[in-house]
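What follows is each chain in one-letter form.
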Amino acid sequence: MTTQTAAAPETTGAAPIVPSYVRDAWWTPADDVAGTEVRDANTGEVLARVSTEGLDLPAVVEHARTVGQRELSRLTLHERALKLKELAQFLNARREELYAISYRTGATKIDSMVDIDGGIGVLFTFSSKGRRELPNSNVILDGPAETLSRDGSFLGTHVYTPIPGVAVQINAFNFPVWGMLEKFAPAFIAGVPTIVKPATPTGHLTEACVRLMVESGILPAGSLQLVSGSARELLDALDYRDMVSFTGSAETADRLKSHANVVSGGVRFTSETDSLNAAILGPDAEPGTPEFDAFVKAVVTEMTVKAGQKCTAIRRTIVPRGREQAVVEAISARLAQRAVVGDPRAEGVTMGALASLEQLRDVRGAVESMLAAGGELAYGTLDAPVVRTADGTESTVDGGAFMSPLLLTWDDVEAEAVHSREAFGPVSSVLGYADLDDAVRLAARGSGSLVATVCTDDPDAARRLTLGIAGHHGRVHILNRETAKSSTGHGSPVPHLVHGGPGRAGGGEELGGVRAVKHHMQRTAVQGSPNLLTAVTGVWHTGADRRLAGAEEFGGSAENTHPFRKSLAELRVGDGFASGLRTVALEDILDFAERTGDTFYAHTDAAAAEANPFFPGQVAHGYLLVSWAAGLFVEPAPGPVLANYGLENLRFITPVAAGDSVRVTLTAKRITPRVTDEYGEVAWDAVLHNQDDEIVATYDVLTLVEKENTTYKNWV
């Protein structure tokens, strides 16, 4: 293997070879390798060549499984999430470098922002969600424990841990930065190393981004590798430990899914493929309404952003029958006004070239077959358009992959071609529907899509259309006057929500916040004693050993320090406090009712309370008991506990009548230090019992606690 520094790639003749980054070094093939040419989408100029001839792909996989897994496992989920934030900040300061390269792929400034800024935004989002929603460990609990024995000595629970292999991402040409980062971010937080295989036409932009990521020095060794060029034998090196995330054509996805290591070898495979997405205009959205205008704007945006080369673009524009011409005219007028085709480096250009001449041929071929199947061209031309060149002049361009936006209409809305053939470019078809059921049926003809827009201000139409098409789509975007300005758009997947779709769309699932992190983890059922489950998970389980301070008659000991006097450096899971009993008097109940205004009859009217089948007569307010519990377990002097910031999972189980008594047992259940702060979060298991040892209430108390007892260390 040959290596080079992070300076400019090696070159052979006039066209440099796009290097791979493997085994923590830059690699290029031998000088005499021809490779595949990569051209400027706007001019046809040869920019680079790609080749992986001579690259040892099994060694790349093994490096990820060994070095990458080892180095990532040294960090917790929170620490890895924080590195994503640092990486996002580093890339954000250098995105202009990526813009300059992105223009060569035919992307406008807006297109580049969607790709580059969008990808960086994914890093920021996953960093935030990872630190807020996941534990600061390498184990994620999945739901409460199940008691499997009568005496509680045998429990079962589910945990998520990182898959022990590598996450291979095979990406499409249309989003060379976002496509990589939206897959990389959740895998990295999960603790799984990534191998990136970008598409050839735009892989040089991916390489530039990876180069910056490497230069940052933020990523652990082995956590990211890049294969620039063919990787046909990559799946041969994978097994059940690994996963593949593919974005591209259904044909390629089917070929990869048929690989023996996927079919019988256990390789996890998820795909996002062809998608004939729809936008449905509601019956109420007549010309002149805000919904009609928002709908037209959405369709034009999806036709022109990235020159329509988006897996989420609107391919089928479904509108009420009789309104087709109005929609065609409105879309055509907006395209004529807003769609300026040309070199994205030229002033005023709003739609750049397709990614390659091969892509241009494919899209034109798809449109020609759709026209032959009954489609009619309502706007645009298949001829080479007049475009604005980099010097600002208007002309046709030899070698550029430019195409006019095209709008098609169909007399026969049942034509198979419009529901089965995707022209992956600036192309959309207008179809008329008879009623809402017909609109749902037409949308479903796409056989599974990534996203559909429902544009209506009628709540009933929104409900019927959304529920009717939900099973056929991964996401439904409901658009009306209230969201027209705030919506992120039909075609913009957001990292918080699932991205994927059934059927033709590939049946895969990406993003979705912490769901995406868990995609890269194995869920395992674990059975054992409370003590051993506590040791494995780092979370206290009911029945495990405790070290309680407080009342001896209820398990406490004067030798144990009150847990609220302990910083995170001293506090351990299982530390806790047992209070004594406090008697509830009728006067306490009535006073609480008067002071809070909660005069519900069960607390204030003896006769009415006795008639209620749930209560033994007048009973204490649940919130009175929770308030008393705080008074029973609190350590009032200033100390490492900084704040109580909430309760979770509160349940009232046994009513407490006047004359009963209550006590509380508090146990440190989960300790989560924050990697960026001098404090962390502690979840305390709280259980209220009455004088008969019956459980009155259960809940978790959440507190913020100093890592070191510094704020009040001199308190006397």
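Asks: Got a sec to walk through the sheet that holds strand β22 (residues 449-455)? Specific residues and values, please.
Replies: If you trace the seven strands from one edge of the open sheet to the other, you get β17-β20-β21-β16-β15-β22-β23, paired in mixed fashion. Only two strands of the sheet have a single partner each, and these edge strands are β17 (375-379) and β23 (473-479). Averaged over all pairs of adjacent strands, the angle between strand axes in this sheet comes to 25°, irrespective of strand direction. Inspection of the sheet shows β17 paired to strand β20 (residues 406-410) by four bridges, in the antiparallel sense. If you follow G375 over to β20, its bridge partner there is W410.

Asks: Outline helix α5 (residues 178-190), supporting the account with residue identities and numerical values.
Replies: The terminal C-alpha atoms of α5 lie 19 Å apart, and with 13 residues this matches the ideal 18 Å at 1.5 Å per residue to within 8%. For α5, a buried count of 13 out of 13 residues is recorded, marking the element as mostly surrounded by other parts of the structure. At the exit of α5 stands G191, carrying a positive phi of roughly 95°.

Asks: I'd like a rundown of the environment of P176, residues and numbers included.
Replies: You can see P176 is positioned in the loop between β10 (167-170) and α5. You can call P176 buried: its relative accessible area is 4%. Sequence spacing of P176 and T200 is 24 residues, and the spatial spacing of their C-alpha atoms is 9.8 Å. When near neighbours in sequence (up to four residues on either side) are disregarded, P176 contacts D115, T202, L205 and T206.

Asks: Hey, could you go over the packing of aromatic side chains for me, with residue numbers and the actual values?
Replies: Counted by the stated rule, this structure contains eight aromatic pairs. Both rings, one in F184 and one in F188, keep their centres 5.3 Å apart while their planes meet at 35°; by these two values the pair is tilted. Of this pair, F184 and F188 both sit in helix α5, four residues apart, roughly one helical turn. Across the pair, F188 and F184 agree in class, each one buried. Between R94 and the ring centre of F90, over which it is positioned, the NZ or CZ distance is 3.6 Å.

Asks: Can you break down the packing of helix α13 (residues 436-444) against helix α14 (residues 459-469) residue by residue, with the values?
Replies: With their axes 9 Å apart at the nearest point, α13 and α14 run at an angle of 30° to one another. Classified by the interaxial angle, the pair formed by α13 and α14 is roughly parallel. In this structure, the crossing between α13 and α14 has a hand that is right-handed. Each of L436, D437, A439, V440 and A443 in α13 lies in contact with α14, whose residues at this interface are A461, R464, L465, G468 and I469. Of the residues contributing to the contact of α13 with α14, the split by class is seven nonpolar, one polar and two charged.

Asks: For the nonpolar core, give the residues involved together with the corresponding values.
Replies: One finds L91, L123, F126, F184 and M213 to be the most contacted residues of the largest nonpolar core, which totals 52 residues. Listing elements by their share of this core, those giving two or more residues are α2 (77-92), α3 (95-102), α4 (109-133), α5, α6 (203-215), β12 (224-226) and α15 (514-519). If we skip the residues at most four places from it in the chain, F126 touches L84, A185, P186, I189, P495, L511, G513, A516 and V517.

Asks: Describe in detail unusual backbone geometry, supporting the description with residues and values.
Replies: Of note in this structure, R23 is not a glycine but carries a positive phi near 50°. Following the sequence through the fold, R23 ends up in the loop between β3 (20-22) and β4 (25-27). On the basis of relative accessible area, R23 is assigned to the partly exposed category, the value being 36%. Positive phi outside glycine occurs at D24, with the angle close to 65°. Relative to the assigned elements, D24 resides in the loop between β3 and β4.

Asks: How would you sum up the pairing of β23? Please name residues and give values.
Replies: Each regular strand displays side chains that alternate between the two surfaces of the sheet. Pairing between β22 and β23: six bridges, direction parallel. Among the inter-strand pairings, C455 is bridged to a residue of β23, identified as L479. On the question of chirality, the crossover connecting β22 to the parallel β23 by way of α14 is right-handed.

Reading the values: rules and limits
Residues numbered from 1 in each chain as written. Predicted model: local features only at pLDDT ≥ 70, side-chain atom pairs only at ≥ 80, totals over all residues. Heavy atoms only, no water. Pairing = 2+ DSSP bridges. Helix = DSSP H or I, 4+ residues; strand = E, 2+ residues; numbered from the N terminus. Axes fitted to C-alpha atoms, helices over the stretch in contact; angles between N-to-C directions. Expected span 1.5 Å × (residues − 1). Buried < 20%, exposed > 50% of the residue type's maximum accessible area, 1.4 Å probe, protein only. Contact = heavy atoms within 4.5 Å. Phe/Tyr/Trp six-rings, centres within 6.5 Å; stacked < 30°, edge-to-face > 60°. Lys NZ or Arg CZ within 6 Å of the ring centre and 35° of its normal. Parallel < 35°, antiparallel > 145°, perpendicular 65-115°, else oblique. Left-handed = near helix turned anticlockwise from the far one by under 90°. Nonpolar A, V, L, I, M, F, W, Y, C, P; charged D, E, K, R; others polar. Core = buried A, V, L, I, M, F, W, Y, C linked by side-chain atoms within 4.5 Å. Right-handed = clockwise from strand over helix to strand, strands pointing away.

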